[in-house]
Amino acid sequence: MTTDNEPKLAYVELTKIESNPWQPRTSAPTDEELGDLLNSIKAVGQQTPGRVRPHPKKLGIFQLADGAMRRAVLARLGEKTMLVVIEPLTDRQMKILALEQNIFVRLRDADKETAVYKLWESEFKTDEPSAKGGRRDPEFPGVSQMEQETGMSHQLILRYLQAYTMQAEFATKLQTRA
């Protein structure tokens, strides 16, 4: 017997799967990016399930945590359903997965910087001092916890956070000059 809290494998209609609201990619994948995946699914079918959660506000609708490119390819091939794992993911988990699933694909640096900053700001930013002996960055408190939960290196997170804030400061200066 399964409960609503256990992951469940199922086929879900593509029309009932919405994008992850925290998807960092601001542009659709190119034909080149989809090419190999399209050829693979065309030849052997979908081999890896997507990952979704029930939509928190829309009954019978799901939000995609992992598998946006698979969904795009399946739609392009005229498929009506997608094999997915349905599980009860929190908003925090959805934000982390959106970043984790996209960090190594061809995202623009600005998209990565924005996604990392928004995740840090909404889920990890803290005013509390770090535990004794823990790493602490006075400019970006909470990075160590973010490192533990995302698997991204402390240094990479800081690089993205610093780049985002520098870009925001630059944009502000440009606006004040105009």
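Before any of the text, the structure's been laid out above.
Note that the coordinates shown come from a computational prediction; the quantities given were computed from them, not determined experimentally. (Residues numbered from 1 in each chain as written. Predicted model: local features only at pLDDT ≥ 70, side-chain atom pairs only at ≥ 80, totals over all residues. Heavy atoms only, no water.)

Caption draft 1: Inspection of the overall build of the protein chain at higher detail. Broken down by element type, the protein chain carries six helices and five strands. Its helices and strands in sequence order give the protein chain the pattern β-β-α-β-β-α-β-α-α-α-α, from N to C terminus. Relative to its 178 residues, the protein chain shows a buried fraction of 36%. Residue pairs at least 24 apart in sequence account for 71% of intrachain contacts in the protein chain once pairs closer than 6 positions are excluded. Summing over all exposed atoms, the protein chain offers an accessible surface of approximately 11300 Å²; the carbon and sulfur share of this is 51%. (Helix = DSSP H or I, 4+ residues; strand = E, 2+ residues; numbered from the N terminus. Buried < 20%, exposed > 50% of the residue type's maximum accessible area, 1.4 Å probe, protein only. Contact = heavy atoms within 4.5 Å. Areas by Shrake-Rupley, 256 points an atom, 1.4 Å probe, with all protein chains shown as cover.)

Caption draft 2: Structural view of the sheet that holds strand 5 (residues 81-86). Pairing in this open sheet of five strands is mixed, and the strands run 1-5-3-4-2 from one edge to the other. At either end of the open sheet lies a strand with only one pairing partner, and these are strand 1 (8-13) and strand 2 (17-18). The sheet contact formed by strand 2 and strand 4 (residues 62-66) spans two bridges and is parallel. Of the residues in strand 4, the one forming a bridge with Ile-17 is Phe-62. (Pairing = 2+ DSSP bridges.)

Caption draft 3: Inspection of helix 5 (residues 143-150) at higher detail. Listed as buried for helix 5 are Val-143, Met-146 and Thr-150. One side of helix 5 holds all its buried residues, which, seen down the axis, span an arc of 55°. One or two positions beyond helix 5, positive phi appears at Gly-151, with a value near 80°. (Arc of directions from axis to C-beta.)

Caption draft 4: Representation of the side chain of His-55. Turning to its location among the elements, His-55 is positioned in the loop between strand 3 (50-54) and strand 4. In this structure His-55 comes out as buried when scored by relative accessible area, which is 13%. A distance of 2.9 Å separates a polar atom in the side chain of His-55 from the backbone nitrogen of Lys-57. At 3.2 Å, the side chain of His-55 forms a polar contact with the backbone nitrogen of Lys-58. In this structure, His-55 is in contact with Glu-18, Ile-61, Phe-62 and Gln-63, ignoring residues within four places of it in sequence. (Polar contact = N/O pair within 3.5 Å; in protein donor to acceptor, adjacent residues only side chain to side chain.)

Caption draft 5: Spatial organisation of the pattern of salt bridges. One pass over the structure, following the stated rule, counts eight salt bridges. Across the pair Glu-123 and Arg-92 runs a salt bridge, and its minimum N-O distance is 3.7 Å. Of the two residues, Glu-123 is situated in helix 4 (residues 109-124) and Arg-92 in helix 3 (residues 91-102); the sequence distance between them amounts to 31 residues. Here Arg-92 makes a salt bridge to Glu-149, at a shortest N to O gap of 3.0 Å. Of this pair, Arg-92 sits in helix 3 while Glu-149 sits in helix 5, and the two are 57 residues apart along the sequence. Several salt bridges converge on common partners, so that one network encompasses Arg-92, Lys-95, Glu-123 and Glu-149. (Salt bridge = Lys/Arg side-chain N within 4 Å of Asp/Glu carboxyl O.)

Caption draft 6: View of the packing of helix 5 against helix 6 (residues 154-177). Two elements in contact, helix 5 and helix 6, have axes whose closest approach is 9 Å; the angle formed by their N-to-C orientations is 120°. When the interaxial angle is binned, helix 5 and helix 6 end up oblique. In this structure, helix 5 meets helix 6 at a crossing whose hand is right-handed. Two secondary-structure elements touch here, helix 5 through Val-143, Ser-144, Met-146, Glu-147 and Thr-150 and helix 6 through His-154, Ile-157, Leu-158 and Leu-161. Here the contact of helix 5 with helix 6 is composed, by residue class, of five nonpolar, three polar and one charged. (Axes fitted to C-alpha atoms, helices over the stretch in contact; angles between N-to-C directions. Parallel < 35°, antiparallel > 145°, perpendicular 65-115°, else oblique. Left-handed = near helix turned anticlockwise from the far one by under 90°. Nonpolar A, V, L, I, M, F, W, Y, C, P; charged D, E, K, R; others polar.)

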